[in-house]
Protein chains: 4
Amino acid sequence: MNRESFAAGERLVTPAYVRQGREARRSHEHLIRLLLEKGKCPEDGWDESTLELFLHELAIMDSNNFLGNCGVGEREGRVASALVARRHYRFIHGIGRSGDISAVQPKAAGSSLLNKITNSLVLDIIKLAGVHTVTNCFVVPMATGMSLTLCFLTLRHKRPKAKYIIWPRIDQKSCFKSMITAGFEPVVIENVLEGDELRTDLKAVEAKVQELGPDYILCVHSTTSCFAPRVPDRLEELAVICANYDIPHVVNNAYGVQSSKCMHLIQQGARVGRIDAFVQSLDKNFMVPVGGAIIAGFNDSFIQEISKMYPGRASASPSLDVLITLLSLGSNGYKKLLKERKEMFSYLSNRLKKLSEAYNERLLHTPHNPISLAVTLKTLDEHCDKAVTQLGSMLFTRQVSGARVVPLGSVQTVSGYTFKGFMSHTNNYPCAYLNAASAIGMKTQDVDLFIKRLDKCLKTVRKEQNKESDISGVDNYDKTEDVDIEEMALKLDNVLLDTYQDSS
Amino acid sequence: MNRESFAAGERLVTPAYVRQGREARRSHEHLIRLLLEKGKCPEDGWDESTLELFLHELAIMDSNNFLGNCGVGEREGRVASALVARRHYRFIHGIGRSGDISAVQPKAAGSSLLNKITNSLVLDIIKLAGVHTVTNCFVVPMATGMSLTLCFLTLRHKRPKAKYIIWPRIDQKSCFKSMITAGFEPVVIENVLEGDELRTDLKAVEAKVQELGPDYILCVHSTTSCFAPRVPDRLEELAVICANYDIPHVVNNAYGVQSSKCMHLIQQGARVGRIDAFVQSLDKNFMVPVGGAIIAGFNDSFIQEISKMYPGRASASPSLDVLITLLSLGSNGYKKLLKERKEMFSYLSNRLKKLSEAYNERLLHTPHNPISLAVTLKTLDEHCDKAVTQLGSMLFTRQVSGARVVPLGSVQTVSGYTFKGFMSHTNNYPCAYLNAASAIGMKTQDVDLFIKRLDKCLKTVRKEQNKESDISGVDNYDKTEDVDIEEMALKLDNVLLDTYQDSS
Amino acid sequence: MNRESFAAGERLVTPAYVRQGREARRSHEHLIRLLLEKGKCPEDGWDESTLELFLHELAIMDSNNFLGNCGVGEREGRVASALVARRHYRFIHGIGRSGDISAVQPKAAGSSLLNKITNSLVLDIIKLAGVHTVTNCFVVPMATGMSLTLCFLTLRHKRPKAKYIIWPRIDQKSCFKSMITAGFEPVVIENVLEGDELRTDLKAVEAKVQELGPDYILCVHSTTSCFAPRVPDRLEELAVICANYDIPHVVNNAYGVQSSKCMHLIQQGARVGRIDAFVQSLDKNFMVPVGGAIIAGFNDSFIQEISKMYPGRASASPSLDVLITLLSLGSNGYKKLLKERKEMFSYLSNRLKKLSEAYNERLLHTPHNPISLAVTLKTLDEHCDKAVTQLGSMLFTRQVSGARVVPLGSVQTVSGYTFKGFMSHTNNYPCAYLNAASAIGMKTQDVDLFIKRLDKCLKTVRKEQNKESDISGVDNYDKTEDVDIEEMALKLDNVLLDTYQDSS
Amino acid sequence: MNRESFAAGERLVTPAYVRQGREARRSHEHLIRLLLEKGKCPEDGWDESTLELFLHELAIMDSNNFLGNCGVGEREGRVASALVARRHYRFIHGIGRSGDISAVQPKAAGSSLLNKITNSLVLDIIKLAGVHTVTNCFVVPMATGMSLTLCFLTLRHKRPKAKYIIWPRIDQKSCFKSMITAGFEPVVIENVLEGDELRTDLKAVEAKVQELGPDYILCVHSTTSCFAPRVPDRLEELAVICANYDIPHVVNNAYGVQSSKCMHLIQQGARVGRIDAFVQSLDKNFMVPVGGAIIAGFNDSFIQEISKMYPGRASASPSLDVLITLLSLGSNGYKKLLKERKEMFSYLSNRLKKLSEAYNERLLHTPHNPISLAVTLKTLDEHCDKAVTQLGSMLFTRQVSGARVVPLGSVQTVSGYTFKGFMSHTNNYPCAYLNAASAIGMKTQDVDLFIKRLDKCLKTVRKEQNKESDISGVDNYDKTEDVDIEEMALKLDNVLLDTYQDSS
């Protein structure tokens, strides 16, 4: 409403009240102005009212929402379904232009602003989360794997001789495929076992660099966030090697923004050595739907080159999701989530430790992994081959999602490359184990239910093996509660065992 | 509501009415069942009630919506913002798995179904639109350019020696960049002028194939939908060449689904020769937000290979949009849109013809282009260099979006390659011109407003040139209506001239 | 967004585009301003974008949406559920104050404006619909019956001796109860049969006035919209009687806004005689959910008295619904609906005529009723008592809603008063019949389906009676279509016959 | 989705996952079934997913949502605006029938169920809140005042001689008007001052009953929730008087559900004497938008009589709001809100006590009022007449809503009856004062901001009076925070003083 509208309002309703309403409107506008001027995540989260006002204001700056617009092109932001228009807040033009995913669209000033602001907020949060010297980043509507591919494709143009990517092994298919898809040959560096942990074999990396010749190496592709007992790569040392041999360094930081340790590794790597880009998932770090990633780095122009490498426009949906989320949370809200995650990690760790000991198993000692934990399944595995898989299936049926059992000796071929001991990041890990992680957004209730159900499953599997024991690692008080799930699960158990696969 | 709930309902409210309500529910369920069983687009569009019931039913099959779920993984579909959850109908897990964008997700049966059904509906619509023998397709949450890149990256693994892509020139940046990004060298085949039309130079293509050697050619990359006076490539002949030399053929069908002519070309090409994949934009053909494309083809296993080439999960948002849209429209609704587009093309064509003649210009004769039209700007160009650009700027300011003026002699360098006569698809087109297109969803009102504003702008530009004439190609009856836009435009005219760029 | 925000936007994104976006925003603002200044229904409906912007702007003027508000009262517009807040666009304070439903709320300038504007729009529409000299009206969140009660309660204070309300019989319970609830004794004036029509017995009315004495009569309570064969009351003549005897006159115009005839009657009545208030339903005239009414009149201060008679605040929900609806439709959209209704009335009338004749029945000749029609069910009734009721039940089961069968001789007692021939507005109508109406929003498809199903039901009932005939009043071409409904209905037929009641 | 749909789903996607999804669906259905079978508020709140599924299931049982419905009546639940349909979850038919607001609608089984369940849930909550022996209640879409009117209108039919309503004074206009509107003469019983409290004058009540004669008295109309220093009426004793003299007793329990004390009074009154109906606001007790009330009682058939007194259908909107709210909260959520309110009352009380003492004022001792508090404004009043009003205006401008200043000697005439000392519930309260209340949903932050702003205002007012002092009752630490509000307020202060009114 403009000045004249308010004046008209004052003729309809007591002017003093209209004036107060108008003043109150200014506090919303003030927040919007601050955001646009500073480009930073507000400390306190916005309420829905301000948020929707802001989105509305942006949307009406796009030509498809002009009241007098007439479109005679082939891409005019027309929408057939009102449901679809509404769920996108009427942002239809996506982001970017044919030449550059970060470019401004003449037809869509609002969407363009949305894109800029989102990238600016996200940059602010990356700094806040620990990578203080990051200089540029952008949200790309592709998941982590494809975003890594884009980085590799960009590097190709700078390193015409390169054929190989040096890759400390991490058993996650899309990491591996990101290199294959880009058309490079991954050079797998096996991890070394230190205590229970699997860590980067720095000597092997350097030896491989020398063997293949730096010019033939596109980059080193390292990883922070991963399943225990693998731990984040030794980023500092890798970054130094990269710097020494003048090799680019791309870091897969998939769900590492939520961990100050992972972020610290990146910050340090960039300080002492070379990191060209680090890529992180939107959904895993910001609790939004799957489908977006952030490509960030320390060299402004290289990040721009990547953004220019994306041919054509792209979906604004992941940007919109993260914008809404960050404005709702505020930086304080996000910090709170980070803090809670850390606490939940300790809690999960303690509960798992206690439970595993009750079953003569143990929590693997993996202090360098800040997110994922692993519990041995030795006794289970000794009795029966299938017991470990059965446990996984049972947990799945009991609506425990994300727990991952890793049996020994699993072999898998991905894009023609055969991995021994697949899922365990190494050819022969000493024992089978179970993974659980404390990721952002986890609640005490998740841990409690998980421990209760795991206890029950372990007991059941044991009984089938021993036909005798009656161990329990959990206190008795709340056993009854979970009856419904159990009932349902019993019906499904047999059906699912056959089709059970890890849900990663 | 299950049987027991209905029984309880009958105890609260007259049983006969509850029973009728329950029976009525079955008609919704019946539609859902038909969809799942047949996998085809329903003839009549669904009402919102059935649509939302269906989406709701799917969503509660995803683990993040299980009431008893406990998540202990790093990717559990948690959402921080209720606004975000709602706008995605609580589908959070995206589509695909690390290995394959078409794969089923254990944690998300509902999202997996959504993905399968969407692909199935879209396949049905492609057949209906004219490519009857298509065998497989999938929606990918990337725009056309990046989707073409994905096709090229997939082909790389099948053709290790290939370095080149044969590409009949089409002046659209993302087409060109899609090849660069994939790491190939585009071999530009200039078009030949036949009458007013720019058409594929088949001899040049074949000569180039022979010159470079088929094994060194990744594929031929042809185009259907394009701006006049370029017309769709001669797909049949290109497909025969590809078949003869055993070279893959990828068709950029960006906004061609809406045209039976473009679809017919693809169908014929596949019948008489070779087409490996054809890629089309979701937004341009289905009136959904920017950000998705369909990769389709005639060889089931090749399309699957492409889908397996996408590393990692992906956004379900474009799939959801097109699913909602197609279910709302029904195949009848979509056919109606296609029919209206065709009619609008004739209407636009007639109005442009009449207007251009009033200004001593003419509508270029481009009968092979079913979507885009071009009007010469000869007289404008003769007087003053800037006049053509000024016209473009004026139209933009007057909220005409999508009209494109093409001056003579524009030179542009894209990824290191210099294009003479950029935007006109040829080095030296005989004259400057203006493009307008009749794309799906266009309304009579769009045409009328466009013609009125174009008339006004032409007159203004002329006046500035001649300081005399008083021509008008439009009838006088509704001149007054557009006053507001004009007023606003006058304020912006000077500001915008400098920054005016084509809005393609 | 204010000036500073736009300036900041221009630093992020090409200023020319931001400026165009800002200009475009003005067209939305312009519509809002016009609405507030003129208080009239816009000719063309607003798009959702403008509408939601407007509602949002109003809502943030309410104290519950102030960012800095602190509430220390007992009614602060707090909302527990975000779903509830959203569905009310965050208008929580309702309308009115303890003293007056039209009063301005200090805490809620936005809601107060919403209330004023809605009443202003509705007044504009009443004029447009035919009552040009109406001077004031307000939306009240109560259905027609309770709104009539409120009028009677207001009159009580002006006419302390009054005990009776003169009421030309109309067999609709809530009309009757509206008088009982207000504490008055309805004096029922039986209608007279003129041809097929039941019309006001003016002589009886005047005789009763003289008999009881004007001072003892609270008012005459007449009706416009009603089921055929009753027709709208002779409002002009009643208004003259009221004027002559100085008796107030309240008109139940329940669904009469949609008919120019009903509105004309009111306009004429007010011109030549006396009408104090006329009451109409929101849902029946404006296609909104049940629950609101409009109380309107020609004497500003009397309408204000009624609005002051409502003790306490009230729901803003019906006002919001009608505001959204009228702004979406525009006056042109509403006029179009009125026009279509009229056409549909002719269509329904013709189809019913033809069908009834095929079954040796006839369409009653009721030219004064512009909305409702009646078809005799003589032949049905002759054979069997239950046949008429059975027909009603069968239609209901076949998802024909709103058709009403009126058997002979139904007797019903309402609040202690016994009506002979209840539902037929008279003690002894010559024959049983079936009602159907052409109300606003009806579609050709409604008529077609109704005629088809009615034909089928009549045939079935006849067959059971005659075990022979094979009549059909409908062309054969589309008989198959309706199979599903029939199948479902057969299952329910027996169940429902017992509980069938008129669904009015 | 039915059995066949799931089977089809299993052919599209791994059957085991579909089966798990289907099982998971059952937990939602289970909650719905429990609700329908028990009719009680679930202990734990439902998530939005279950809630929307439930509403959707109900809505498709209404005839306007039947896919095959054809409507030929005048009220078919047609909706012109999709926005309106959606915000009502497609419940269009409202609740009740012409005869009875609690009646089942043949056309709307879903809405009818919604109505029944809502009334059932609300009854459950009233019991839980302390009135254990309540037997029936219903939600009515009118605010408290009009609902009281409806009770009085119902009683009229049972007590033909009655003219008076005995009413212990409570200075709230709509209470008073509810009697006037119903056509009765309120007999005002002045309160007696006991300590600081204003309490029911039982002797005066009984004397009045004897004076007027029980048959001429419609009922006693008492009040629980009210502004301090008035306290809830002595319900037990009043109930006994009513029982003794055989006079109905209607209790205005406007915002009393949130207080166990108020509810206890009603429970006790009903146990030892007579209470016919008690009426409570929906918005004030359940944090929903203004516009609904609950009429409850101990005699099933009397409550039914009231529900039958409402002529015609009614809005389902308030019922829908309270249903959504209670299902979201669960009884545990509601109990938590009640508990927090109590704690906030203590907190507010302590902070006010401390602040008032700093200014040589005091918190009035009103232990019988569980919700509202009063602080003397003696020193303010002594200096200047306008100071008290000015304080009120200043608080309003500073976005303190709901605080109420009560100056001495205010006289107001309501519906012809003149109240001395209006707002203070008595003719001559010893001093001016300020009210603040701890109502359901209040937050610590509300109290803190209020105290801070009150402190500031008091200081300012004092300064203007004394031009000297520098008192502050609030600690200094967070003074700066509130700067924006202050700035805004200063601009408005002068404007608003004139139009300031109490915002009750």
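Parameters and conventions
- Residues numbered from 1 in each chain as written.
- Chains lettered and ligands numbered in written order.
- Predicted model: local features only at pLDDT ≥ 70, side-chain atom pairs only at ≥ 80, totals over all residues.
- Heavy atoms only, no water.
- Helix = DSSP H or I, 4+ residues; strand = E, 2+ residues; numbered from the N terminus.
- Rg over C-alpha atoms; globule rule 2.2 N^0.38 Å.
- Buried < 20%, exposed > 50% of the residue type's maximum accessible area, 1.4 Å probe, protein only.
- Contact = heavy atoms within 4.5 Å.
- Areas by Shrake-Rupley, 256 points an atom, 1.4 Å probe, with all protein chains shown as cover.
- Lys, Arg positive; Asp, Glu negative; His and termini not counted.
- Charge placed at Lys NZ, Arg CZ, Asp CG, Glu CD.
- Pairing = 2+ DSSP bridges.
- Axes fitted to C-alpha atoms, helices over the stretch in contact; angles between N-to-C directions.
- 1 Å grid on protein atoms, 1.4 Å probe; cavity = no way out; pocket = protein on both sides within 12 Å on 5 of 7 lines; lining within 4 Å.
- Points joined across faces, edges and corners; volume = space filled by probe spheres on them.
- Nonpolar A, V, L, I, M, F, W, Y, C, P; charged D, E, K, R; others polar.
- Least-squares fit on C-alpha atoms with pLDDT ≥ 70 in both.
- Buried area = accessible area lost by both parts, 1.4 Å probe.
- Salt bridge = Lys/Arg side-chain N within 4 Å of Asp/Glu carboxyl O.
- Polar contact = N/O pair within 3.5 Å; in protein donor to acceptor, adjacent residues only side chain to side chain.
- UniProt positions renumbered as here; feature names shortened; annotations may be inferred.
- Parallel < 35°, antiparallel > 145°, perpendicular 65-115°, else oblique.
- Phe/Tyr/Trp six-rings, centres within 6.5 Å; stacked < 30°, edge-to-face > 60°.
- Lys NZ or Arg CZ within 6 Å of the ring centre and 35° of its normal.

Draft legend 1. Just the overall build of chain A, in detail. Each helix and strand counted, chain A has 17 helices and 16 strands in total. Taken against the 2.2 N^0.38 rule, which gives 23 Å for 504 residues, the C-alpha radius of gyration of chain A at 26 Å falls within 12% of a compact globule. In terms of principal-axis extent, the alpha carbons of chain A reach across some 85 × 65 × 40 Å. Across the 504 residues of chain A, 68% fall into the buried class. A sequence separation of at least 24 residues applies to 72% of the contacts in chain A between residues at least 6 apart. When the accessible area of chain A is evaluated, it comes to approximately 16,400 Å², of which 49% is carbon and sulfur surface. Separation between the mean location of the 61 positive side-chain charges and that of the 58 negative ones in chain A comes to 4 Å.

Draft legend 2. The arrangement of the sheet that holds strand 16 (residues 433–437) of chain C in detail. All names here are of chain C. The sheet built from 3 strands is open, its strands ordered 11-16-13 with antiparallel pairing. Only two strands of the sheet have a single neighbouring strand rather than two, namely strand 11 (372–376) and strand 13 (404–406). Direction aside, the axes of adjacent strands within the sheet are offset by 25° on average. As paired elements, strand 11 and strand 16 share 5 bridges and run antiparallel to each other. What sits directly across from L373, in strand 16, is A436. Packed onto the sheet, helix 13 (residues 317–358) meets strand 11 and strand 16 and runs at close to 0° relative to strand 11. Taken strand by strand, helix 15 (residues 387–397) contacts strand 13 and strand 16, and its axis lies near 175° from that of strand 13.

Draft legend 3. Spatial organisation of empty space enclosed by the protein. Estimates place the volume of the largest cavity at around 1,200 Å³. Along the walls of the largest cavity sit 42 residues, with A:R86, B:E52, B:R86, C:R86 and D:R86 positioned nearest its centre. Of all the secondary-structure elements, those providing two or more residues to the lining of the largest cavity are helix 3 (48–59) and helix 4 (82–87) of chain A, helix 3 (48–59) and helix 4 (82–87) of chain B, helix 3 (48–59) and helix 4 (82–87) of chain C together with helix 3 (48–59) and helix 4 (82–87) of chain D. Residue classes in the lining of the largest cavity are distributed as 18 nonpolar, 8 polar and 16 charged. Secondary-structure elements contributing two or more residues to the lining of the second largest cavity are helix 6 (144–156), helix 7 (173–181) and helix 11 (282–286) of chain C. No other element matches helix 6 of chain C, which puts 3 residues into the lining of the second largest cavity. Split into classes, the residues belonging to the lining of the second largest cavity amount to 10 nonpolar, 13 polar and 9 charged.

Draft legend 4. How the structure looks around the relation of the copies chain C and chain B. Structural alignment of chain C on chain B gives an RMSD of 0.0 Å, achieved by rotating through 180° and translating 0.0 Å along the axis. Read as a symmetry element, the transformation amounts to a two-fold axis. Of every C-alpha in chain C, the one belonging to C:A82 sits nearest the axis of rotation, 4.6 Å from it. Comparing interface residues between copies, 100% of those in chain C also sit at the interface in chain B, which points to an isologous, same-surface contact.

Draft legend 5. Seen up close, the pairing of strand 2 (residues 136–140) of chain C. Residue and element names in this part refer to chain C. With 5 of 5 residues buried, strand 2 is to be regarded as a mostly interior element. Alternating positions in strand 2 separate into two faces, N136, F138 and V140 on one and C137 and V139 on the other, with burial throughout. Relative to strand 10 (residues 293–297), strand 2 is paired through 5 bridges, and the arrangement is antiparallel. Note on strand 10: the bridge partner recorded for N136 is G297.

Draft legend 6. Structural view of the interface of chain C and chain B. Between chain C and chain B, the contact holds 22 residues from the first and 22 residues from the second. Summed over both partners, the interface of chain C with chain B comes to about 1,900 Å²; 56% of that surface belongs to carbon and sulfur atoms. Summed over the three residues of chain C that lose the most area to chain B, namely C:Y17, C:Q20 and C:E23, the buried surface amounts to 28% of that side. Linking chain C with chain B are 0 salt bridges, by the criterion used here. For the pair chain C and chain B, the number of links is 2 residue pairs in polar contact (both at pLDDT 80 or more). Going through the elements one at a time, helix 2 (15–38), helix 4, helix 15 and helix 17 (483–499) of chain C are the ones with two or more residues in the side of chain C that touches chain B. Looking at the side of chain C that touches chain B element by element, the count peaks at 8 residues for helix 2 of chain C. Among the residues making up the side of chain C that touches chain B, the classes are represented as 9 nonpolar, 7 polar and 6 charged.

Draft legend 7. Summary view of the UniProt feature "binding site: pyridoxal 5'-phosphate" (unreviewed entry) in chain A. Residue and element names in this part refer to chain A. UniProt feature "binding site: pyridoxal 5'-phosphate" (unreviewed entry): in the numbering of this structure it lies at R75. In this structure, R75 sits in the loop between strand 1 (70–71) and helix 4. Only 3.1 Å separates the side chain of R75 from the side chain of H93, close enough to count as a polar contact.

Draft legend 8. Summary view of the packing of helix 6 (residues 144–156) of chain B against helix 12 (residues 300–309) of chain B. Residues and elements named next belong to chain B. One can describe the packing of helix 6 onto helix 12 by two numbers: an axis separation of 9 Å at closest approach and a directional angle of 105°. It follows that helix 6 is roughly perpendicular to helix 12 by the angle criterion. Judged by residue contacts, L150, C151, T154 and L155 of helix 6 engage F302, E305, I306 and M309 from helix 12. A per-class count over the contact of helix 6 with helix 12 returns 6 nonpolar, 1 polar and 1 charged.

Draft legend 9. Examining the packing of aromatic side chains more closely. For the structure on display, the rule yields 44 aromatic pairs over all chains. Pairing D:W46 with D:F54 gives two aromatic rings, centres 5.6 Å apart and planes at 80°, and the pair type is edge-to-face. The buried category is assigned to D:W46, whose relative accessible area is 6%. Among the residues examined, D:F54 registers a relative accessible area of 0% and is labelled buried. Grouping aromatic residues by their ring pairs yields a cluster made of A:W167, A:F176, A:Y417, A:F419 and A:F422. Here the guanidinium or amino end of A:R404 rests over the ring plane of A:F227, the centre of that ring lying 4.0 Å away.

Draft legend 10. Representation of the interface of chain B and chain A. Counting residues at the interface gives 98 residues for chain B, matched by 98 residues for chain A. Here chain B meets chain A over a buried area of about 8,100 Å², counting both sides, of which 60% is carbon and sulfur. Among the residues chain B hides against chain A, the three largest losses belong to B:V72, B:E74 and B:R87. Together they make up 11% of the total. Remark: the boundary between chain B and chain A carries 4 salt bridges. Our count for the chain B to chain A interface comes out at 40 residue pairs in polar contact (both at pLDDT 80 or more). With 7 residues, the single largest contributor to the side of chain B that touches chain A is helix 13 (residues 317–358) of chain B. Residues of the side of chain B that touches chain A, tallied by class, amount to 46 nonpolar, 32 polar and 20 charged. Where strand 1 of chain A meets strand 12 (residues 400–401) of chain B, 2 bridges bridge the pair, whose relative direction is parallel.

Draft legend 11. Representation of the pattern of salt bridges in the model. Tallied over the full model, the rule gives 111 salt bridges over all chains. Its salt-bridge partner being A:R234, residue A:E194 comes within 2.8 Å of it at the nearest N-O pair. Here A:R234 lies in the loop between strand 7 (217–223) and helix 9 (235–245) and A:E194 lies in strand 5 (residues 192–194), a separation of 40 residues in the sequence. Classification of A:E194 by relative accessible area gives partly exposed; the value is 34%. The exposure class of A:R234 is buried, given its relative accessible area of 18%. Ionic pairing is found between D:D446 and C:R78, a salt bridge with its closest N-O pair at 3.9 Å.

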